[in-house]
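Descriptive structure summary
One-letter residues, chain by chain:
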Amino acid sequence: MHSCGTSIQTQQEALERLSHNRAAFAHIATPRDEITYVPVQVHVVTESDGDGAAPLSEVIEMMCLLNDEFIPVDVQFYMVGPIRTFANDQVYSSPNT
């Protein structure tokens, strides 16, 4: 599977932040018994020649994993618009810069 365009360390830090935020949110959230739907515009970064794009099946899998993580807080994401492709060698190979 492709990474999210960030280093492993950055992804780990984001997961730790997410875990902390979820724990903090659990103490202040009030049950609503309804789902909040959040639109997401997906962008896939490729090399300048178009190589290296995550296949559609992986994009969908990532959306499913994201939704699985947010089920406990009644938030679900859905894709809007076409998947946009951004072809740029610099961004593809050094996303943190």
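Rules of the game
Residues numbered from 1 in each chain as written. Predicted model: local features only at pLDDT ≥ 70, side-chain atom pairs only at ≥ 80, totals over all residues. Heavy atoms only, no water. Helix = DSSP H or I, 4+ residues; strand = E, 2+ residues; numbered from the N terminus. Buried < 20%, exposed > 50% of the residue type's maximum accessible area, 1.4 Å probe, protein only. Areas by Shrake-Rupley, 256 points an atom, 1.4 Å probe, with all protein chains shown as cover. Salt bridge = Lys/Arg side-chain N within 4 Å of Asp/Glu carboxyl O. Phe/Tyr/Trp six-rings, centres within 6.5 Å; stacked < 30°, edge-to-face > 60°. Expected span 1.5 Å × (residues − 1). Contact = heavy atoms within 4.5 Å.

**Some points on the overall build of the chain**
- Helix and strand content of the chain: 3 helices and 4 strands.
- Secondary structure of the chain in N-to-C order comes out as α-β-β-α-β-β-α.
- Within the chain, buried positions represent 12% of all 97 residues.
- Accessible area of the chain: about 7,200 Å², with a carbon and sulfur share of 58%.

**Let's talk about the pattern of salt bridges**
- Applying the stated criterion across every chain yields a total of 1 salt bridge.
- Across the pair Glu69 and Arg22 runs a salt bridge whose closest N-O atoms are separated by 2.8 Å. You can see Glu69 sitting in helix 2 (residues 56–70) and its partner Arg22 sitting in helix 1 (residues 8–28), a full 47 residues away along the chain.
- Overall, the relative accessible area of 39% leaves Glu69 in the partly exposed class.

**Side note on the side chain of Asn67**
- Here Asn67 lies in helix 2.
- A residue is classified by how much of its surface remains accessible, and Asn67, at 13% relative accessible area, is buried.

**Quick notes on unusual backbone geometry**
- Of note, Asp74 is a non-glycine position whose phi angle comes to about 55 degrees, a positive value.
- Tracing the backbone through its elements, the reader meets Asp74 in the loop between helix 2 and strand 3 (75–79).
- Residue classification places Asp74 among the partly exposed positions, given a relative accessible area of 29%.

**Some points on the packing of aromatic side chains**
- Applying the stated criterion across every chain yields a total of 1 aromatic pair.
- Centroid distance Phe70 to Phe77: 5.1 Å. Interplanar angle 80 degrees. Geometry classified as edge-to-face. When sorted by exposure, Phe70 lands in the same class as Phe77, which is buried.

**Observations regarding helix 2**
- The terminal C-alpha atoms of helix 2 lie 21 Å apart, and with 15 residues this matches the ideal 21 Å at 1.5 Å per residue to within 8%.
- All of the buried residues along helix 2 are Glu58, Val59, Met63, Asn67 and Phe70.

**What to know about the environment of Arg84**
- Here Arg84 lies in strand 4 (residues 84–87).
- Excluding residues within four positions of it along the chain, Arg84 makes contact with Gln41, Val42, His43 and Val44.

**Focus on the environment of Glu47**
- Here Glu47 is to be found in the loop between strand 2 (43–46) and helix 2.
- For Glu47, a relative accessible area of 28% gives the class partly exposed.
- Between the C-alpha atom of Glu47 and that of Tyr92, which follows or precedes it by 45 residues, the distance is 5.7 Å.
- Contacts of Glu47, omitting those with residues within four sequence positions, involve Gly52, Ala87, Asn88, Asp89 and Tyr92.

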